[in-house]
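Chains, contacts and geometry: an overview
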Protein chains: 4
Amino acid sequence: MKIKTPIIVLNVKAYEESMGQRDMDLAKNCAEVASETGANIAYCPQQVDLAWVAREIEIPCLAQHCDAFDPGSKTGWTVLEAVKEAGAVGTLVNHSEHRMQIADIDGIIQKAKELDLATIVCTNNTGVSTAVAEFGPTASAIEPPELIGSGISVSKADPEIVSNSVAAVEDVNKDVVVLCGAGISTGEDVKAAIELGAKGVLLASGVVKAEDQKAVLLNLASGVL
Amino acid sequence: MKIKTPIIVLNVKAYEESMGQRDMDLAKNCAEVASETGANIAYCPQQVDLAWVAREIEIPCLAQHCDAFDPGSKTGWTVLEAVKEAGAVGTLVNHSEHRMQIADIDGIIQKAKELDLATIVCTNNTGVSTAVAEFGPTASAIEPPELIGSGISVSKADPEIVSNSVAAVEDVNKDVVVLCGAGISTGEDVKAAIELGAKGVLLASGVVKAEDQKAVLLNLASGVL
Amino acid sequence: MKIKTPIIVLNVKAYEESMGQRDMDLAKNCAEVASETGANIAYCPQQVDLAWVAREIEIPCLAQHCDAFDPGSKTGWTVLEAVKEAGAVGTLVNHSEHRMQIADIDGIIQKAKELDLATIVCTNNTGVSTAVAEFGPTASAIEPPELIGSGISVSKADPEIVSNSVAAVEDVNKDVVVLCGAGISTGEDVKAAIELGAKGVLLASGVVKAEDQKAVLLNLASGVL
Amino acid sequence: MKIKTPIIVLNVKAYEESMGQRDMDLAKNCAEVASETGANIAYCPQQVDLAWVAREIEIPCLAQHCDAFDPGSKTGWTVLEAVKEAGAVGTLVNHSEHRMQIADIDGIIQKAKELDLATIVCTNNTGVSTAVAEFGPTASAIEPPELIGSGISVSKADPEIVSNSVAAVEDVNKDVVVLCGAGISTGEDVKAAIELGAKGVLLASGVVKAEDQKAVLLNLASGVL
């Protein structure tokens, strides 16, 4: 499944500030900003909130993670089929806080194609982005681990990793969208990422931890318009 | 947190038959049977459906699993605080399909006490049940791995493991409720378990895979009345 | 580090038949066959036997697995630096019985280059072989999981997966040697693999479980001469 | 299998300072100190050095870790049978850097009894020590995670955790020896631990990182004499 770009993907992780009702409220803020500005925003709620949020809001929701199992006796694991029936349009894959085995990344991406779901695969460097591109995911999000949650935007701290990844991924598979993660918190960061060739951003704490989440979302949206 | 006993705990795993709307429908069937018969029934939906189901139905819901992390940068992991805010009353712990490290089992149980949540810890033999009892969980569910999903009730196939576990757990901590899992599918199985000293059952395929789920639930309920 | 090809790589896994003195004896048999026939044979002993065997025999030894940690407080884990100091020339990576995260596979391969060690990365299909080739390992061993230990040679059961992998890997990186695993047990299997473009084989039970291990080794060696 | 007490158990982890020949040299230093002073010293070499070291030195060697598998197709994993054939007398279990599932801890301990091997199970608090005592290991080593590698001895920083663990473990199973880990580096620390009821110590960096390893070993030995 393709995603509309340029896009802002918000991953709310397991933060205290984005649990329960606060998860739903933040999702609704995203939907409002998307509606008011026309920006593409996708939302990744806490895993246990996925069906509740995805069934309620208008913008696309993705799971934060999906396990590489088929439906069956898999207590407490999340299978892609359940993600789809929950109303989500896809899943993050291989987030730096939830790394996956290479065969499982391949398996999830191929199954997502069959189920018409989107896969956004997180990678830690250009080499891994290139390798993942061989599997043909919907998108690849480059996030140097040392910048995650740092407040220092990858597009400023390490612009080459973004432009190199864009070039390397394009070289393998032109259909794979490259996103840019780690340290993004302003519309300016988003704009810088897009100028380096990225088609959007993946971020978390910059919004979730903000005092005025909606103001930050509006600012970010200005970067993709 | 205490649970009302005798109790039937239904774990719907990641079965195809209990995804999305079918998960909600099955939960509602459980609530109806509980209401009609007066039996205590608790429901463990698919992880991604937890908030959606728990906020809708009247009977207690539990997570199928919970990761031993504090809230924070833990993409795709389920923390106990999110389980609580999802509307659940507790969580299964250490299911045979999702085994946990001993320090994490201890950590989850202690945190659950602080959050006033219930913990039902699955164990594979009497020794592990006894060890877990030292942590003071709400309940311990003994499930010999070879009987899970077998259709052969542990209360028939291995009655001694049930009565021995009841005695051994009681010896360590009288407040820990012993449940009986693996192969339960009829009211007769439930009755047998209770006669062996268990305070209820934990089951999955016997209901989820049944052609007439509600009929099976009614039959099971007859075993605790 | 390059490996001499065509090569037979023997992985003795954690088999009862290849523990302790039997591990050393089998290694010596391999060294003898290599010496007598001129065939290139490499040996992967049980992890706890690595230094003992590698320091004793003349043919190259590899670790069966290596963890993606740097030296330090990592009780019970095997780091690449310790593999090198044990006298091994490299390590298997991502065996189907010991799958690794993609970032760790990349990390091990890059560190092995710095330490001048060989990496033989196991893969389950052509797509994963291609992705791994982007990291530039010494070799890639294609092993369809369903054929491992089956006694049915991949070179017979699924010749296309071998020739496709050879072509796809070559397309990404001509320096990566492609080996062929799963179900190999005779010199004929080896010859078939090499005719399909592989530069050698990775095998285990075919030798370890054989009544006359040396006879099987001699037969295998005939396939690479 | 019983171990002689009071005992000093040295775990060399995956430190740079204890690899290859330096691993063997340190083991020999331990053997010399044991022989010269009469102190009981056991040595846990790097996993890949286990057979090499255990077959060479006179004092007991233990594996740093063992996986809960039976011998077979388990590439890169360490099974207890291979530990025994390597010449070791047992294994550390559930080290804080290598935590294990509760069912696996139980499984390893029971199998070790059959194979007449010793198990030293690491625990992070009194509750976990008590739970583990139910399985009847040879020894339990209490190591508060925050003190590991700190240079601050648990016997000084948190004497109650030692004496409480000794009492609690004794209450469950008098045959389980309690060791004391984390932050031990002098004979005085050892003596303090023994005065609190421990039967020995488990340590690592205090010796491995020392400029004069033998001098530290002699000092430690003075604490058990």
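I will try to describe carefully the structure that is included in this document. Keep in mind it's a predicted model, so treat the numbers as computed, not measured.

Considerations on the environment of D:Ala68
Residues and elements named next belong to chain D. With respect to the helices, strands and loops of the structure, alanine 68 is situated in the loop between strand S3 (62–63) and helix H3 (80–85). A relative accessible area of 35% means that alanine 68 is categorised as partly exposed. Apart from residues no more than four positions distant in its own chain, alanine 68 is found in contact with Met100, Asp104 and Ile108.

Thoughts on helix H1 (residues 20–37) of chain A
All names here are of chain A. For H1, with 18 residues, the first-to-last C-alpha span of 26 Å sits near the 26 Å given by 1.5 Å per residue. Of all the positions in H1, only Gly20, Asp23, Met24, Leu26, Ala27, Asn29, Cys30, Ala31, Val33 and Ala34 are classed as buried. The first or second residue beyond H1 is glycine 38, which carries a positive phi of 85°.

Focus on the interface of chain C and chain A
Opposite the 18 residues of chain C that make contact, chain A presents 18 residues. Of the roughly 1,400 Å² buried between chain C and chain A, counting both surfaces, carbon and sulfur atoms make up 66%. Of all residues in chain C, the largest losses of buried area upon contact with chain A belong to C:Gln101, C:Ile102 and C:Glu134, amounting jointly to 37% of the total for that side. The interface formed by chain C and chain A contains zero salt bridges. In this assembly, chain C and chain A are joined by four residue pairs in polar contact (both at pLDDT 80 or more). Of all elements in the fold, only helix H4 (102–115) and helix H5 (126–133) of chain C reach the threshold of two or more residues within the side of chain C that touches chain A. When its residues are assigned to classes, the side of chain C that touches chain A shows nine nonpolar, six polar and three charged.

A closer look at the packing of helix H1 (residues 20–37) of chain D against helix H10 (residues 213–222) of chain D
Residue and element names in this part refer to chain D. Running from N to C, H1 and H10 cross one another at 35°; their axes reach a closest spacing of 10 Å. The element H1 and its partner H10 pack so that their crossing is right-handed. Two secondary-structure elements touch here, H1 through Leu26, Asn29, Cys30, Glu32, Val33, Glu36 and Thr37 and H10 through Gln213, Lys214, Leu217, Leu218 and Ala221.

A word on the relation of the copies chain C and chain A
The transformation that overlays chain C on chain A combines an axial shift of 0.0 Å with a rotation of 180°, and the residual RMSD is 0.0 Å. Considering both components of the superposition, the chain copies are consistent with a two-fold axis.

Let's talk about the sheet that holds strand S2 (residues 40–44) of chain C
All names here are of chain C. Spatially, eight strands are ordered S2-S1-S8-S7-S6-S5-S4-S3 in an open sheet, and the strand pairing comes out parallel. Both outer strands of the open sheet, S2 and strand S3 (62–63), are each paired with one neighbouring strand and no more. In terms of strand pairing, strand S4 (residues 90–93) meets strand S5 (residues 118–123) through four bridges, oriented parallel. Residue pairing across strands places leucine 92 opposite isoleucine 120, the latter belonging to S5. Contacting strand S1 (7–11) and S2, helix H1 (residues 20–37) crosses the sheet at an angle of about 170° to S2.

Considerations on the packing of aromatic side chains
Under the definition given, this model contains four aromatic pairs over all chains. Note on B:Phe69 and B:Trp77: the rings are 5.5 Å apart at their centroids and 70° apart in plane angle, and the pair reads as edge-to-face. If you follow A:Arg55 out to its NZ or CZ, it ends over the ring of B:Trp52, 3.7 Å from the centre. The ring of B:Phe69 is capped by B:Lys74, whose NZ or CZ atom sits 4.2 Å from the centre of that ring.

Quick notes on the rules
Numbering of residues starts from 1 in each chain and follows the order in which that chain's sequence is written. Chains carry letters from A onward and ligands carry numbers from 1 onward, assigned in written order. For a predicted model such as this one, the threshold for reporting local features is a pLDDT of at least 70, and the threshold for listing and counting side-chain atom pairs is 80 or more; totals across whole chains, interfaces and linings nevertheless cover every residue. Based on all heavy atoms of the structure, the side-chain values leave hydrogens and waters out of the count. Working definition: helices are DSSP H or I runs of at least four residues, strands are E runs of at least two. Numbering for both runs from the N terminus. The cut-offs for exposure are 20% and 50% of the maximum accessible area for each residue type, with area from a 1.4 Å probe on protein chains only; residues under the lower value are buried, those over the upper are exposed, and the others partly exposed. Contacts are assigned to residue pairs that have any heavy atoms within 4.5 Å of one another. Expected helix span is computed as 1.5 Å times (number of residues minus one). Accessible surface is computed with a 1.4 Å probe, and the buried area is the amount of it that two parts give up when combined, taken over both parts together. Salt bridge, as applied in this entry: a Lys or Arg side-chain nitrogen positioned within 4 Å of an Asp or Glu carboxyl oxygen. Side-chain atoms alone can form a polar contact between residues adjacent in sequence; in general such a contact is a pair of N or O atoms within 3.5 Å, and within protein one must be able to donate a hydrogen while the other accepts it. Gly falls in the polar group here, along with every residue not listed as nonpolar (Ala, Val, Leu, Ile, Met, Phe, Trp, Tyr, Cys, Pro) or charged (Asp, Glu, Lys, Arg). Throughout, an axis means a line fitted to C-alpha atoms (over the contacting stretch in the case of helices), and angles, computed between N-to-C directions, take values from 0 to 180 degrees. Crossing handedness: left-handed means the near helix sits turned counterclockwise from the far one by under a right angle, and right-handed means the same turn made clockwise. When the copies are superposed, the least-squares fit takes in the C-alpha atoms of residues with a pLDDT of at least 70 in both. Strand pairing requires that DSSP identify at least two bridges connecting the strands. Put simply, two rings from Phe, Tyr or Trp (the six-membered ring, in Trp's case) pair if the centres are within 6.5 Å, and we call them stacked under 30 degrees between planes, edge-to-face over 60, tilted for the rest. As a reminder, the over-ring test applies to NZ of lysine and CZ of arginine, requiring each to be within 6 Å of the ring centre and within 35 degrees of the ring normal.

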